[in-house]
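These are the residues of each chain, in order.
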Amino acid sequence: MSFFKSLALSRSQILVLTALWISVLPNLATLERFVDSPSTTGGAAQVLFVLTGWLLLFALLLFFVSLLGLLFPGRSIKVWCAITVVVAAILGYYSIFLGTLFDKTMFVNILGTHPAETLELIGVRMISWIVLVGVLPAALLLMIPMKASNSWLGETGRSAALLVLPLLVAGAAVYPQFQSFASAGRNKSITFHTVAPINIVAAAVSHVATQRAASIVREPVGTDAKIRQALDKPRLVVLVLGETARAQNQALNGYSRPTNDRMIAEHVINFPYTESCGTATAISVPCMFSGFTREEFSLSKAASRETLIDVIHRAGMKILWRENDGGCKGVCDRGAIVEDLTNSDDPRFCSEKGNCFDAILLDGLEARLKAETQSIFVVLHVKGSHGPAYFKRYPKEFERFTPACKSNELSSCSADSLRNAYDNTLVYTDHILGETVAMLKRLSPQFATSMLYVSDHGESLGERGLYLHGLPYAVAPEEQTRVPMFMWFSTQFLELERWSEGCVRRQGEPGKKHDHVYSTLLGLLDISTDQYKPELDIFSPCEREANSSPKKAINPTGAKAS
């Protein structure tokens, strides 16, 4: 202990050393962005750019820990600095090895992640990194004594000075290179969503602000909603809400591997490379059900008004939501019959509690639907291709591509084995969709049936050093923002609508977005409401071509359904 006493540090020294440590190893991902930025011409200019970038990074972190120093007086600052080091190490691991950026979207995604999926992220390399980069330095910090301060006012003043001086110095260094830094900011090669732990704190504050805005009573929408026509045969529309499927690995989009055999055999109408609303479930699902386009959408705006489920319910249609992906992110809280199977331990489908194959969503569904006499909308929220443990998403008999990565530490797997495991999840999803269509065919004597499949977001599989998903949309690669979407119709459904097969197939072209889901579903369900936008209903051209009464035209005078 005498050794540690000889290393006694002042409060200001502890703050500086904490910022110095976390500005290096836990923030290597940000430093790497400065190194790889194309904003300089190389040589001495690039070296100066990188050094200035690090100085700016250090200044921001010193500002952050110095702010802690003002908020937590006395020796408690050592505890908070130790916590900061450990948190920075954890966040740094994901940024460095998986390319994760911790913005508000990712924070919401973390809160919505099922505990079983969280455990899948933990591995030997992760634990080793956290211990070496976080726990051991934090323990050392706690063991080193802190010098007694002669003056509380003087120590507070020094902490306050640490808030200002580093930023002034960094600003002076950045100013001569302003053009390079501005260019880096515009082309998104530099982002401070990797600066740990400032990123997670800023994301948490933003999330709290969003939640406070959402605490207000939801604004009613679609108060005029009604089903336009009484039909000889009720409708059964199934939305299969996918998880983490990316467009690039779909055989329907020209991928070389047979990942969509059953959907190809069913001659689905494919919408190639559909543009997602977000890069995480917590964004894309609320967006699709909000009625906002991606450009209009925000979590606070969506949380303050009713969803598509409310509108469908208000029209008088029954809704069944079956869940295997940890929750509907608030969109099905009202108006739907919700069956959450995420935590099932049924041995027929679940290898462990909280990890069930998507076939569980179809268990008993056909018998339930046979008992229905009115039109019904069904949502099947699948676990799909949720990483990182892709190998846990499909039964052994669907392991078509081998060898498949059996690790949750994705960067430790070969590119081929990682792709094999991921593609196997798509093969299994194709099987689930095929079984859904087979069920709908069997129910066709009773219902006019159709199925829409769309994934919430895509996935990075190591391209450019990125894994998983959740990057801010502005910097996210197409692997995370382009998703599969396709449609299947029964003959009876087309006859009911008087749509020609040729017309519905002509709608299968690029350019579709999550923006189209809301109004397309209202159209498929034949619901009249002022929330319906014909230009965003994929099949509205076929309605016009049918030369019949415009069932889906907006009807402002429509009576509100009871």
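This is a predicted model, so every value here is computed, not measured.

Structural notes on the pattern of salt bridges
Here comes step 1: Scanning all chains against the criterion turns up 26 salt bridges.
Here comes step 2: In this structure, Arg 294 and Glu 295 form a salt bridge, with 3.6 Å as the shortest nitrogen-oxygen distance.
Here comes step 3: The shortest N-O distance in the salt bridge between Lys 318 and Glu 372 comes to 2.8 Å. Pair noted here: Lys 318 is in strand 5 (residues 318–323) and Glu 372 is in the loop between helix 16 (365–370) and strand 9 (376–381), with a separation of 54 residues, a long-range link.
Here comes step 4: Of the residues examined, Lys 318 reaches a relative accessible area of 33% and is grouped as partly exposed.
Here comes step 5: The exposure class assigned to Glu 372 is buried, which follows from its relative accessible area of 16%.
Here comes step 6: Taken together, the shared-partner salt bridges in this structure form one network comprising Glu 275, Arg 294, Glu 295 and Arg 482.

Here we look at unusual backbone geometry
Here comes step 1: Of note, the amide linkage connecting Ala 196 to Pro 197 takes the cis form, showing an omega dihedral of 0°.
Here comes step 2: Secondary-structure assignment places Pro 197 in the loop between helix 10 (178–186) and helix 11 (198–214).
Here comes step 3: In this structure, Pro 403 follows Thr 402 across a cis peptide bond, with omega equal to -5°.
Here comes step 4: Looking at where Pro 403 falls in the secondary structure, it is placed in the loop between strand 9 and helix 17 (415–442).
Here comes step 5: In this structure, Leu 468 takes a positive phi of about 60° despite not being glycine.
Here comes step 6: Structurally, the position occupied by Leu 468 is in strand 12 (residues 467–468).
Here comes step 7: With relative accessibility at 10%, the residue Leu 468 sits in the buried group.
Here comes step 8: In this model, Asp 526 sits at a positive phi of 60°, which is unusual for a non-glycine residue.
Here comes step 9: Look at Asp 526 and you get buried, because its relative accessible area is 0%.

Concerning the environment of Leu 111
Here comes step 1: For Leu 111, the location among the structural elements is in helix 6 (residues 104–111).
Here comes step 2: Taking relative accessible area as the criterion, Leu 111 reaches 54% and is therefore assigned exposed.
Here comes step 3: A sequence separation of 171 residues divides Leu 111 from Ala 282, and the C-alpha atoms of the two residues are 9.1 Å apart.

Section: the confidence of the model for the protein chain
Here comes step 1: With 89% of its residues at a pLDDT of 70 or more, the protein chain has an overall mean of 87.
Here comes step 2: A low-confidence stretch, residues 549–562 stays under pLDDT 50, and its non-local contacts, those more than four residues away or across chains, total 41 contacts.

Comments concerning the packing of helix 2 (residues 11–22) against helix 5 (residues 76–98)
The geometry of a pair of packed helices is captured by two quantities: the angle between their axes and the separation between those axes.
Here comes step 1: Two elements in contact, helix 2 and helix 5, have axes whose closest approach is 10 Å; the angle formed by their N-to-C orientations is 0°. Here helix 2 lies roughly parallel to helix 5, going by the angle between them. Here Arg 11, Ile 14, Leu 15, Thr 18, Trp 21 and Ile 22 of helix 2 come into contact with helix 5, specifically with Ile 77, Lys 78, Cys 81, Thr 84, Val 85 and Ala 88.

As for the side chain of Thr 84
Here comes step 1: Residue position: Thr 84 is located in helix 5.
Here comes step 2: Setting aside residues up to four positions removed in sequence, Thr 84 forms contacts with Ile 22, Phe 64, Val 65, Leu 68 and Pro 197.

Let's talk about the packing of aromatic side chains
Here comes step 1: If you walk through the whole model with that rule in mind, you get 17 aromatic pairs.
Here comes step 2: Judged by centre distance (5.5 Å) and plane angle (85°), the rings of Tyr 390 and Tyr 422 are edge-to-face. Placement of Tyr 390 in the loop between strand 9 and helix 17 and of Tyr 422 in helix 17 is noted, with a sequence separation of 32 residues between them.
Here comes step 3: We classify Tyr 390 as buried; its relative accessible area is 1%.
Here comes step 4: What makes Tyr 422 buried here is its relative accessible area of 0%.
Here comes step 5: With a centroid separation of 5.9 Å and 85° between ring planes, the pair formed by Phe 489 and Trp 499 is classed as edge-to-face. Of this pair, Phe 489 sits in strand 14 (residues 485–489) while Trp 499 sits in the loop between helix 19 (491–497) and helix 20 (501–506), and the two are ten residues apart along the sequence.
Here comes step 6: Residue Trp 499 is classed as buried on the basis of its relative accessible area, which comes to 5%.
Here comes step 7: What links up through ring pairs into an aromatic cluster is the set Tyr 93, Tyr 94, Phe 97, Phe 102 and Trp 129.
Here comes step 8: The ring of Phe 401 carries the charged tip of Arg 257 above its face, separated from the ring centre by 4.4 Å.
Here comes step 9: For Arg 305, the ring lying beneath its charged end belongs to Phe 292, and the centroid distance is 4.5 Å.

Analysis parameters
- Residues numbered from 1 in each chain as written.
- Predicted model: local features only at pLDDT ≥ 70, side-chain atom pairs only at ≥ 80, totals over all residues.
- Heavy atoms only, no water.
- Salt bridge = Lys/Arg side-chain N within 4 Å of Asp/Glu carboxyl O.
- Helix = DSSP H or I, 4+ residues; strand = E, 2+ residues; numbered from the N terminus.
- Buried < 20%, exposed > 50% of the residue type's maximum accessible area, 1.4 Å probe, protein only.
- pLDDT = per-residue confidence, 0-100.
- Contact = heavy atoms within 4.5 Å.
- Axes fitted to C-alpha atoms, helices over the stretch in contact; angles between N-to-C directions.
- Parallel < 35°, antiparallel > 145°, perpendicular 65-115°, else oblique.
- Phe/Tyr/Trp six-rings, centres within 6.5 Å; stacked < 30°, edge-to-face > 60°.
- Lys NZ or Arg CZ within 6 Å of the ring centre and 35° of its normal.

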